[in-house]
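# Summary of structural features
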Amino acid sequence: MALAIFDLDETLIHGDCATLWSEQMGRLGWVDPESFMRRNNELMDAYSHGKLRMEEYMDFSLEPMIGRTPEEIEHLVTPWVEDFIEPIIFSDATKTIAEHRKAGDRILVISASGTHLVKPIAERLGIDEILAIELEVSHGVYSGKTVGTLTYREGKIARLLDWLDAEEENLEGASFYSDSRNDLPLLQRVDYPHVVNPDAVLKAHAESAGWPIHTWK
């Protein structure tokens, strides 16, 4: 049994779940939609160019959730996943997940988005195991802070290695699917890197390295 690892945003879904949740917080009246999304898009542009400090984005994006309970957020995220995420799941992604499941592979989603979003989206895809950015809960409510190593760039490798130790697993025969240059460190660590709808930098690297390039719809 090998690992089949998937990035989430723009890999399994046609969009970025954190940005879509930011839009939802605007609809909920938690933020001013125009100014909040302007800042969100500035930070996501930095991400697309490999220049984002993920700590800065998390501080920004979690601020509207400070003082809210995990139960409240879960109650709101569940219908949001159904209404806004399900329609943008790539059908080719679900087919590939099914192929790995049929082969007996262990499936893991590793994402630079928060667990409050990644967990319910992965569950909708039938995937129980995730590594994502952990949110701090203090006195029963979200503090707006994160916990531990952020699953971003090299942080994905650090978290994955800890998970492998805890699960007595290894990367022998592992596959990893991603769209982003930010995931090059992990793509270079697995036996079977797969590039999905890649950005320009990742596409150029994949072409030179001879990695498979997939166009998922």
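What comes next is a walk through the structure. (Residues numbered from 1 in each chain as written. Predicted model: local features only at pLDDT ≥ 70, side-chain atom pairs only at ≥ 80, totals over all residues. Heavy atoms only, no water.)

## Focus on the overall build of the protein chain
Counting its regular elements, the protein chain contains nine helices and seven strands. Taken over the C-alpha trace, the protein chain has a radius of gyration of 17 Å; the compact-globule value for 217 residues is 17 Å, and the two agree within 12%. Across the protein chain, the fraction of contacts at a sequence separation of at least 24, relative to all contacts at a separation of at least 6, is 60%. Looking at the protein chain as shown, the accessible area adds up to about 10,300 Å², and 48% of this sits on carbon and sulfur atoms. Both charge centroids of the protein chain, one from 20 positive and one from 39 negative side chains, sit 4 Å from each other. (Helix = DSSP H or I, 4+ residues; strand = E, 2+ residues; numbered from the N terminus. Rg over C-alpha atoms; globule rule 2.2 N^0.38 Å. Contact = heavy atoms within 4.5 Å. Areas by Shrake-Rupley, 256 points an atom, 1.4 Å probe, with all protein chains shown as cover. Lys, Arg positive; Asp, Glu negative; His and termini not counted. Charge placed at Lys NZ, Arg CZ, Asp CG, Glu CD.)

## Observations regarding the packing of helix α1 (residues 17-27) against helix α2 (residues 33-48)
Running from N to C, α1 and α2 cross one another at 170°; their axes reach a closest spacing of 9 Å. The orientation of α1 with respect to α2, classified from their angle, is roughly antiparallel. Residue-level inspection shows T19, S22, E23, M25 and G26 of α1 in contact with α2, the latter providing P33, F36, M37, N40, N41 and M44. The residue inventory of the contact of α1 with α2, partitioned by class, reads five nonpolar, five polar and one charged. (Axes fitted to C-alpha atoms, helices over the stretch in contact; angles between N-to-C directions. Parallel < 35°, antiparallel > 145°, perpendicular 65-115°, else oblique. Nonpolar A, V, L, I, M, F, W, Y, C, P; charged D, E, K, R; others polar.)

## Quick word on unusual backbone geometry
Of note in the backbone geometry, H139 takes a positive phi value of approximately 55° without being a glycine. Within the chain, E168 stands out as a residue other than glycine whose phi angle is a positive 55°. Counting through the fold element by element, E168 comes out in the loop between α7 (154-167) and β5 (175-178). Here E168 falls in the exposed class, since its relative accessible area comes to 74%. (Buried < 20%, exposed > 50% of the residue type's maximum accessible area, 1.4 Å probe, protein only.)

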